[in-house]
Amino acid sequence: MIKIRLFCAAGMSTSLLVNKMKAAAKEKGLEADIEAAGETKMNEETDGIDVALLGPQIRYKLSAAKKICDPKGVPVDVIPMTDYGTMNGKKVLEFALKLAGKE
């Protein structure tokens, strides 16, 4: 089981991507807990997860996100703009797995 959290400005724009990632995980036969949240919830939503992803619209928050995630041992990075823009759940899932060292 891999636990992935996607963070964006309000937690809304990533919901479609979350559904596409869940479908991609199911296709791979991978058990995954993937949810979206607003970036203001990052401190509590990163407990016990394997990887955190930021929507490109909050790329400027990466430094603050690392301060929250690094002490918890949670890798964090910004979702590539192309994959986010095309809502490519498969590519974003692969990105998350690689980041978490579970590819």
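Below is a summary of the structure that appears in this document.

Parameters at a glance
Here the residue numbers are simple positions, counted from 1 along each chain's written sequence. Side-chain atom pairs in this predicted model are given and counted only at pLDDT of 80 or more, local residue features only at pLDDT of at least 70, and totals for whole chains, interfaces and linings cover all residues. Heavy atoms from the whole structure form the basis of all side-chain values; hydrogens and water molecules are not counted. Strands here mean DSSP runs of E at least two residues long; helices mean DSSP runs of H or I at least four residues long; both are numbered from the N terminus. What a helix is expected to span follows from its residue count: subtract one and scale by 1.5 Å. For every residue, the accessible area obtained with a 1.4 Å probe (protein chains only) is divided by the maximum for its type, and the residue is called buried under 20%, exposed over 50%, and partly exposed between those limits. The arc in question is formed by the directions pointing from the helix axis toward the C-beta atoms. In what follows, residue pairs with any heavy atoms lying within 4.5 Å of each other are defined as contacts. Any two strands with at least two DSSP-identified bridges between them are counted as paired.

## Examining helix α1 (residues 15-28)
Here is step 1: Taking 1.5 Å per residue, 14 residues should reach 20 Å; α1 reaches 20 Å between its end C-alpha atoms and fits that length.
Here is step 2: Those residues of α1 not exposed but buried are L17, V18, M21, A24 and A25. For α1, the angular spread of buried residues about the axis comes to 125 degrees, placing them on one side. Exposed and facing more than 90 degrees away from the buried side of α1 are K26 and E27.

## Re the environment of C8
Here is step 1: Summarising the element assignment, C8 is placed in strand β1 (residues 2-8).
Here is step 2: Once the C-alpha coordinates of C8 and G38 are considered, the two residues, 30 residues apart in sequence, prove to be 5.2 Å apart.
Here is step 3: If sequence neighbours within four positions are ignored, C8 has contacts with S13, T14, A37, G38, E39, Q57 and I58.

## As for the pairing of β1
Here is step 1: Counting buried residues along β1, 6 of its 7 residues qualify, which places the element largely inside the surrounding structure.
Here is step 2: In the sheet, β1 pairs with strand β2 (residues 32-38) via 7 bridges, with the strands oriented parallel. Paired with L6 across the two strands is A36, which belongs to β2.
Here is step 3: Where β1 and strand β3 (residues 51-54) come together, 4 bridges link them in parallel fashion. Each residue of the ladder has a partner; that of R5, found in β3, is A52.

Any link to function would need more than the numbers given here.
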